[in-house]
Amino acid sequence: MASATRPNQLLRNMSSKIASIPMALTAIVIFVGCTLWTVAYSFTGSRLLPRWRWVGLDQYDRLWDTDRWIISMQNLAIYGFCMMAFSLFLGFLMAALLDQKIRGENVFRTIFLYPYALSFVVTGLTWQWMLNPSFGLQKVVRDWGWESFTFAPLTNPDWAIYGVLMAGLWQGTGLVMVIMLAGLRGIDEDVWKAARVDGIPAWKTYVYIVIPMMRPIFVTAIVLVATAIIKVFDLIVAQTQGGPGLATEVPAKYVYEMMFRNQNLGQGFAASTMMLCFVLIIIVPWSIYEFGGRRNGR
Amino acid sequence: MKHLTKVLATTALVSASAATAAELEVVHWWTSGGEAAAVAEFAKALDATGHTWVDGAIAGGGGTNAIPAVVSRLLGGDPMGATQFNHGRQTEDLIQEGLFLDLTDLAEQEGWRDFVFPSSLLDSCTYDGRLYCVPVNIHSWQWIWLNNDAFAKAGTDVPSNWDEFVAAAPALREAGVAPLAVGSQAWQQAGAITEVLAVAIAGPEAWEQVNVAKDADVAAGPAYAAVFEAAAAARDLAADITVTDWNLATAAVIEGQAAAQIMGDWAQGEFAVAEAVAGEDYTCLPGLGVNPVLSLGGDAFYFPKNSDADVEAAQLELASLMISKEVQVDFNLKKGSLPVRGDVDLSAANDCMNKGLGLLADGKILAGANIALSQDTIGQVNDLIVQFWNSDMSAAEVQEKYAGIIARAD
């Protein structure tokens, strides 16, 4: 039916379609192909090298029976929830403040965005030193005279993940702020004028008018922050190496260490397949709702 | 014409010398002071033959960083000249893939089996009857290193076994000395408990039933209950000092900040670099003075297969050098480990090395857990122990989980 009414649909923009074939093939072979390969081999007893030795769901049984994996998932949940909430909140707050046409906006924007230009390894090491009790923040405050001040989250298993969170926020919030600022600048002046004429307080204008209008901007920010959360690895390796104990282990590190330290590829593949499942379960329905809805006429 | 011959002759000369000398990149993880001094002996010996030693050190105790790098290079078709591994089950898969040079002919020609002692070292290099690695030293985990001055400061005698050490701990703390130094890396804590405390307290038979026969009932039984009780005590004794790397923990003992460290005999290299004298400045107790038995761990070098015939010739030459008498003595004196040959003269060996040699001669040896357990099982044990060490997990709980890992071990 569709082809009958629009016979040349497939042939439209032929040259651009041909030009995108190499990239499309790369994406299909590398991403989809390797993903399927990994999922298939997660059902095998592969050790150091991939071997087609079928073991069914054994790797998954073991995975969910392993303390370290459970701890990793809990840490990811804590880190992910806090990171999402705080980076959106702080990013929006900073953007809203910057949007007040203040003097020196460029300077502040640069300062806030700068951490994002650093790699996670640098961020991790810097915050490892900052949070080190013998020469970091704790020492500085004690030298100022507050002798009993104690602030060493990285040495306490209960608080270490929040130490990592601080570093993650420090690095990631700037990006959210810049995206939000772009969104705020996209709001028509007339909206503000109308709100002012009606006597609506500024905070209400933000919450009920501006934020709903910025929905696509929030979606972009959420997707970017979410991918950064799922793949967090280098920050942990640089800052805590997963310690103290297993207190800051994350799933990506579990995958890496199973594959290379324990020489158990099957277990690593099973863990990475689980990570993929979580991403699919959370992100796919939501993004279909979010992005697919618009195309069907909104 | 004359010119042409000259040119030809020169080219022939150049290519002839190129054919004999090769560059060998050697990957290892010996980066602490004592270790680096030891590996320099190998480099010196190889350079003396005209080949060139290209040092490929990758830091990280126990090869945690080096092994993944080596494996990915081997699988990616970029073999190095030689690489260190702890011999044992680490390399099974790589050998099956045919990635390593077969050394059997060289070994038969030089008669390695006649002089390597104990000869079981060669067995752990053998796969399907062929030999793939050169054992270079014998390392054993079962030692505790004590700083004599620290005990003098606390007014107690230097302990002669674990129980006396635990009894001396309050006096040490009163004198401002941390009783025990243990680095925060998983392998150090796991080794101290499953290799050292287990052998010393549960005894060698129970250890072998758990680690070699993988008998989970023994791991859950009363002998191991005592081991984990002692481990909980050790966790408490080690709470006063936080370091990461094992050699920093050793340094704390050498400097007298800490009184003792449970660590393999590679710690001795650090004492040697600090010019401490065994018996005077420090004391070592094999098997914690309770069950003096040594496990036969150690390092070995594997030679990845290479397409270049010159490199292969150099590889065989290095293999032969590493196990030769002179190099064995020079290397092991620096490293603090025991030589793999029974026929070398170690008159320069110190008090602690002599204790080790004596145990070897008496046949008081265990198979190392690297040989018995797969990397996967060792990794799971490490994860468990590091969790235990950094929390208040009870001895009963860690024992139950440990027995579970042994039951699943392959």
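Calculation criteria
- For every chain, the first residue of the written sequence is number 1, and numbering continues from 1 onward in sequence order.
- Both sets of labels track the order of writing: A upward for chains, 1 upward for ligands.
- Local features are withheld for residues below a pLDDT of 70 in this predicted model, meaning they are given only at 70 or higher, and side-chain atom pairs are given and counted only at 80 or more; totals for whole chains, interfaces and linings count all residues.
- In computing side-chain properties, one takes all heavy atoms of the structure into account and sets aside hydrogens as well as water.
- Only DSSP runs of H or I reaching four residues or more are called helices, and only runs of E reaching two or more are called strands; each is numbered from the N terminus.
- The globule rule used here is 2.2 Å times the number of residues to the 0.38 power, and the radius of gyration it is set against is calculated over C-alpha atoms.
- Under the scheme applied here, a residue whose accessible area is under 20% of the maximum for its type counts as buried, over 50% as exposed, and between as partly exposed, the area being computed with a 1.4 Å probe on protein chains only.
- In this description, contact between two residues means that some pair of their heavy atoms is separated by no more than 4.5 Å.
- Where each domain starts and ends comes from a domain assignment, either automatic or drawn from a database.
- Note: buried area is the sum, over both parts, of the accessible area (probe 1.4 Å) each one loses when the two are combined.
- For this document, the term salt bridge refers to a Lys or Arg side-chain nitrogen within 4 Å of an Asp or Glu carboxyl oxygen.
- Only Phe, Tyr and Trp rings are paired, with Trp represented by its six-membered ring, and only when their centres lie within 6.5 Å; those with planes under 30 degrees apart are stacked, over 60 edge-to-face, the remainder tilted.
- At least two DSSP bridges between two strands are needed for those strands to be called paired.
- Polar contacts, as counted here, are pairs of nitrogen or oxygen atoms within 3.5 Å of one another; within protein the pair requires one atom able to donate a hydrogen and one able to accept it, and residues that are adjacent in sequence qualify only if both atoms are side-chain atoms.
- Residues are grouped as follows: nonpolar covers Ala, Val, Leu, Ile, Met, Phe, Trp, Tyr, Cys and Pro; charged covers Asp, Glu, Lys and Arg; every other residue, Gly included, is treated as polar.
- Here, axes are lines fitted to C-alpha atoms. For helices the fit covers the stretch in contact, and angles between N-to-C directions go from 0 to 180 degrees.
- Working rule for helices: expected span equals 1.5 Å times residues minus one.
- To be clear, the arc concerns the directions from the helix axis to the C-beta atoms.

Participant: Help me understand the overall build of chain A in this model?
Facilitator: The number of helices and strands found in chain A is 15 helices and 0 strands. Against the globule reference of 19 Å for 298 residues, chain A gives a C-alpha radius of gyration of 24 Å, more extended than a compact globule. For chain A, buried positions account for 40% of its 298 residues. By sequence separation, contacts in chain A at least 24 residues apart represent 68% of the contacts at least 6 residues apart.

Participant: When you look at the domain arrangement of chain B in this model, what are you seeing that I'm missing?
Facilitator: Often, the extent of an interface is quoted as the loss of accessible area on bringing the components together. Residues and elements named next belong to chain B. Split into domains, chain B comes out as domain 1 (24–139 + 297–364) and domain 2 (143–295 + 366–408). Taking the mean C-alpha position of each, domain 1 and domain 2 sit 27 Å from one another. Across the boundary between the two partners, domain 1 contributes 27 residues, which contact 28 residues of domain 2. In total, about 2,200 Å² of surface goes out of reach between domain 1 and domain 2, with carbon and sulfur atoms giving 58% of it. The interface formed by domain 1 and domain 2 holds 0 salt bridges in total. Listed by contribution, the elements that provide at least two residues to the side of domain 1 that touches domain 2 are α2 (33–48), α17 (325–335) and α18 (351–361). Per-element tally for the side of domain 1 that touches domain 2: the top contributor is α18, with 6 residues.

Participant: Whenever I open this one, the environment of Met274(A) confuses me. Can you help?
Facilitator: Residue and element names in this part refer to chain A. Tracing the backbone shows methionine 274 in helix α15 (residues 265–295). On the accessibility criterion, methionine 274 (15% relative accessible area) is buried. Here the alpha-carbon distance between methionine 274 and methionine 73, two residues 201 residues apart in the chain, equals 10 Å. Setting aside residues up to four positions removed in sequence, methionine 274 forms contacts with Tyr60, Leu63, Trp64 and Trp69.

Participant: Looking at this model, I keep getting lost on the packing of aromatic side chains. Mind explaining?
Facilitator: Enumeration over the complete set of coordinates arrives at 37 aromatic pairs over all chains. Geometrically, the ring pair formed by Trp146(A) and Phe149(A) is tilted, given 5.0 Å between the ring centres and 55 degrees between the ring planes. Since its relative accessible area comes to 52%, Trp146(A) is described here as exposed. Aromatic side chains Tyr224(B) and Tyr402(B) sit 5.9 Å apart centroid to centroid with 10 degrees between the ring planes, which places their arrangement in the stacked category.

Participant: Mind showing me how you'd approach the pairing of strand β2 (residues 52–57) of chain B here?
Facilitator: A regular strand carries its side chains on alternate faces of the sheet. Here 6 bridges tie strand β1 (residues 23–28) of chain B to β2(B), and the two strands are oriented parallel to one another. By the bridge assignment, Glu23(B) is partnered in β2(B) with Thr52(B).

Participant: Any chance you could explain the interface of chain A and chain B here in plain terms?
Facilitator: Contacts between the two partners involve 20 residues from chain A and, on the opposite side, 21 residues from chain B. Regarding the contact of chain A and chain B, the summed buried area is about 1,900 Å², with carbon and sulfur atoms giving 49% of it. Three residues stand out in chain A for area buried against chain B, namely Leu48(A), Leu49(A) and Arg261(A), and they jointly supply 27% of the buried area on that side. With a shortest N-O distance of 2.5 Å, Lys401(B) and Asp67(A) are connected by a salt bridge. At the boundary of chain A with chain B, the tally comes to 12 residue pairs in polar contact (both at pLDDT 80 or more). Sorting the residues of the side of chain A that touches chain B by element identifies α5 (67–98) and α14 (251–260) of chain A as the ones contributing at least two each. A breakdown of the residues in the side of chain A that touches chain B according to their chemical character gives 9 nonpolar, 4 polar and 7 charged.

Participant: Please explain the sheet that holds strand β6 (residues 133–135) of chain B as it appears in this structure.
Facilitator: Strand pairing in a sheet is mediated by backbone hydrogen bonds. Such pairs are either parallel or antiparallel. Residue and element names in this part refer to chain B. Read from one edge of the open sheet, 5 strands run β2-β1-β3-β12-β6, paired in mixed fashion. Each end of this open sheet is capped by a strand with a single partner; those strands are β2 and β6. Recorded for the sheet is a direction-independent mean angle of 25 degrees between the axes of neighbouring strands. Against the sheet, α2 contacts β1, β2 and β12 (299–302), and its axis sits at roughly 155 degrees relative to β2.

Participant: In this structure, what is going on with helix α13 (residues 222–237) of chain B? I would like to understand it.
Facilitator: Note: α-helices contain 3.6 residues per turn, so residues at a spacing of three or four share the same orientation. Residue and element names in this part refer to chain B. Relative to the 22 Å expected for 16 residues at 1.5 Å per residue, α13 spans 23 Å between its end C-alpha atoms, a close match to the ideal helical length. For α13, every residue scored as buried is listed here: Tyr224, Val227, Phe228, Ala230, Ala231, Ala234, Arg235 and Leu237. Taken around the axis of α13, the buried residues stretch over an arc of 165 degrees, which confines them to a single face. Exposed side chains of α13 directed beyond 90 degrees from the buried face belong to Pro222 and Glu229.

Participant: Whenever I open this one, the pattern of salt bridges confuses me. Can you help?
Facilitator: Working definition: two side chains of opposite charge can pair if their charged atoms are close together. Summed over the entire model, instances satisfying the criterion amount to 27 salt bridges over all chains. With a closest N to O distance of 3.3 Å, Arg109(A) and Glu105(A) form a salt bridge. Remark: Glu105(A) and Arg109(A) occur in helix α6 (residues 105–117); sequence separation between them is 4 residues, near one turn of the helix. On the basis of relative accessible area, Arg109(A) is assigned to the partly exposed category, the value being 30%. A residue is classified by how much of its surface remains accessible, and Glu105(A), at 13% relative accessible area, is buried. Where Glu41(B) meets Lys334(B), a salt bridge forms, and the shortest distance between an N and an O atom there is 2.8 Å.

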